[in-house]
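Observations on the three-dimensional arrangement
Chain residues, written in single-letter form:
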Amino acid sequence: MNRIQVKTQAPYDVLIQRGILREAGQKIQKVKPHARLAVITDSNVAPIYLRRLLDSLENAGYRDVPSFTMQAGENTKSLESAGLLYQLLSQSKISRDCCLIALGGGVIGDLTGFVASTYLRGIAFIQIPTTLLAQVDSSVGGKTAINLPSGKNLVGTFWQPSLVLCDPDTLSTLPEEVFSDGIAETIKCGMIKDPLLFELLEKKDPQEKLEEIISRCICIKRDVVEADELDTGNRMLLNFGHTMGHAVENWMQYRQRHGQCVAVGIAMIIRAQVAAGTLPSLVLDRFLAVCQKYCLPTTCDAAWEDLFEICRQDKKNTTHGIRAILLREIGDSFIKTLPFAEFEGFIKGGEGR
Ligand code: MG
């Protein structure tokens, strides 16, 4: 088992092990021995994993654990869902010393975290992420969010979980495009901080190396989160490829998955850097090859103007412009604030590469 401690204000462990879902009760016993628990999950995950989790909780002595199954899908990350959950929790007499468990992907993790951080002014919660994207990215770091009709993740809090349990075995039931959605974020992690992780993704079968890939990504996330819990500085390195990626995602009206759009966004940045002479073209070749290996797209049909229009509304912008994340080489990244016009010229420069 890999154990990674995240030292935020209240420190917590991330445990990574095949089959750990069956031991969830024992692991939770160690951090929340006397708490009453409630599980929040979705309609995709519940039929496969909810029974396994509830059995494990019961074996560890937890009684009277209610579970709430939300409709699977991004639409569930809404104010309406949060409102419904507040009501259900209240009806089930969930009090301040209780602990919520998020069993599912990023939608369930973000929503449960948001509800946990606001219900009764904040109660504890535990993450059991069941997608690769949630395991390597959204379950660690304490960002919670719901969407508004005008955009994704516009309302949220920073609220750290008490424990994160990653069971790579749960990834075996994911559709292929959901798996590659997560792989895109692992490629990103390698590119910004970990050249060996990037090489592993290039050369090995990821199924055989899942524990190592997940652990390496979580270590990177841990390092930046510990140094910058509230996302005002170096944590932004994790946004590599995301400014253009989010624009692509928005332009596609969210019909393409986050990771797929991030891959396109990273390709745009690398092409621009190669054109500007700040990266060797070998970096682009290696990135395109690894994307091909995992069936990730690297181009998009949108007109530049349409994408830039969306970029200008990105919530991560400052009044001075866009904080671009750039590479010195694979595994070494930095932040550079560029005025909008300069950023747009820079990105367009990569066209045709
Ligand atoms: Mg992301």
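Quick summary incoming for the structure in this document. (Residues numbered from 1 in each chain as written. Predicted model: local features only at pLDDT ≥ 70, side-chain atom pairs only at ≥ 80, totals over all residues. Heavy atoms only, no water.)

1. Examining the overall build of the chain
- Looking only at helices and strands, the chain features 13 helices and 11 strands.
- Relative to the 2.2 N^0.38 estimate, which gives 20 Å for 353 residues, the radius of gyration of the chain is 20 Å and therefore close to what a compact globule would have.
- Seen through its C-alpha atoms, the chain measures out along the principal axes to roughly 60 × 40 × 35 Å.
- For the chain, with 353 residues in total, the buried portion stands at 57%.
- Taken as a whole, the chain presents about 15,100 Å² of accessible surface, with 48% of it coming from carbon and sulfur.
- Here the chain contributes 39 positively and 41 negatively charged side chains, and the mean placements of these two sets differ by 4 Å. (Helix = DSSP H or I, 4+ residues; strand = E, 2+ residues; numbered from the N terminus. Rg over C-alpha atoms; globule rule 2.2 N^0.38 Å. Buried < 20%, exposed > 50% of the residue type's maximum accessible area, 1.4 Å probe, protein only. Areas by Shrake-Rupley, 256 points an atom, 1.4 Å probe, with all protein chains shown as cover. Lys, Arg positive; Asp, Glu negative; His and termini not counted. Charge placed at Lys NZ, Arg CZ, Asp CG, Glu CD.)

2. Notes on the sheet that holds strand β3 (residues 37-42)
- Here seven strands make up an open sheet; going across it, the order is β1-β2-β9-β6-β5-β3-β4 and the pairing mixed. This sheet does not close on itself; its edge strands, each paired only once, are β1 (2-6) and β4 (67-70). Here the average twist between neighbouring strands, direction ignored, is 15 degrees.
- With five bridges joining them, β1 and strand β2 (residues 12-16) adopt antiparallel strand pairing. Residue I4 lies in a different strand from β2, and its bridge partner there is V14.
- Those strands touched by helix α8 (residues 210-227) are β1, β2 and β9 (163-166), and its axis lies near 10 degrees from that of β1. (Pairing = 2+ DSSP bridges. Axes fitted to C-alpha atoms, helices over the stretch in contact; angles between N-to-C directions. Contact = heavy atoms within 4.5 Å.)

3. Some remarks on the nonpolar core
- The biggest cluster of nonpolar side chains holds 73 residues, and the ones touching the most others in it are V14, I187, M191 and I270.
- In terms of residues, this core owes the most to one element, helix α10 (residues 258-276), which gives 11 residues.
- The contacts of M191, once residues within four sequence positions are left out, are F198, F240, I266, I270, V283, F287, L327, E329, I330, G331 and D332.
- In this structure, L53, L54, A124 and I126 belong to the second largest nonpolar core, which totals 26 residues. (Core = buried A, V, L, I, M, F, W, Y, C linked by side-chain atoms within 4.5 Å.)

4. A few points about the coordination of the magnesium ion
- Within the protein, the atoms that donate to the magnesium ion are E185 (OE), H242 (NE2) and H258 (NE2), at distances of 2.1 to 2.3 Å.
- Site description for the magnesium ion: donor spacing in sequence, E-x56-H-x15-H. Separated by 73 residues along the polypeptide, E185 in helix α6 (residues 176-193) and H258 in helix α10 bring together distant segments of the chain. For the pair shown, E185 and H258 are each scored as buried. (Donors = N, O, S within 2.8 Å, 3.2 Å for Na, K, Ca; no water.)

5. Observations concerning empty space enclosed by the protein
- Considering all chains together, one arrives at four cavities of 30 Å³ or more under this definition.
- Considering only enclosed or pocket space, the largest cavity measures out at about 110 Å³ in volume.
- In this structure, the largest cavity is lined by M236, N239, H242, T243, H246, D314, K316, N317, I322, R323 and I325.
- Those elements giving two or more residues to the lining of the largest cavity turn out to be α9 (242-251) and β10 (322-329).
- Looking at side-chain class alone, the lining of the largest cavity contains three nonpolar, five polar and three charged residues.
- Roughly 50 Å³ of internal volume is contained in the second largest cavity.
- Lining the second largest cavity are N239, F240, G241, H242, T243, M244, I269, R323, A324, I325 and F343.
- Listing elements by their share of the lining of the second largest cavity, those giving two or more residues are α9 and β10.
- For the lining of the second largest cavity, the residue count by class is six nonpolar, four polar and one charged. (1 Å grid on protein atoms, 1.4 Å probe; cavity = no way out; pocket = protein on both sides within 12 Å on 5 of 7 lines; lining within 4 Å. Points joined across faces, edges and corners; volume = space filled by probe spheres on them. Nonpolar A, V, L, I, M, F, W, Y, C, P; charged D, E, K, R; others polar.)

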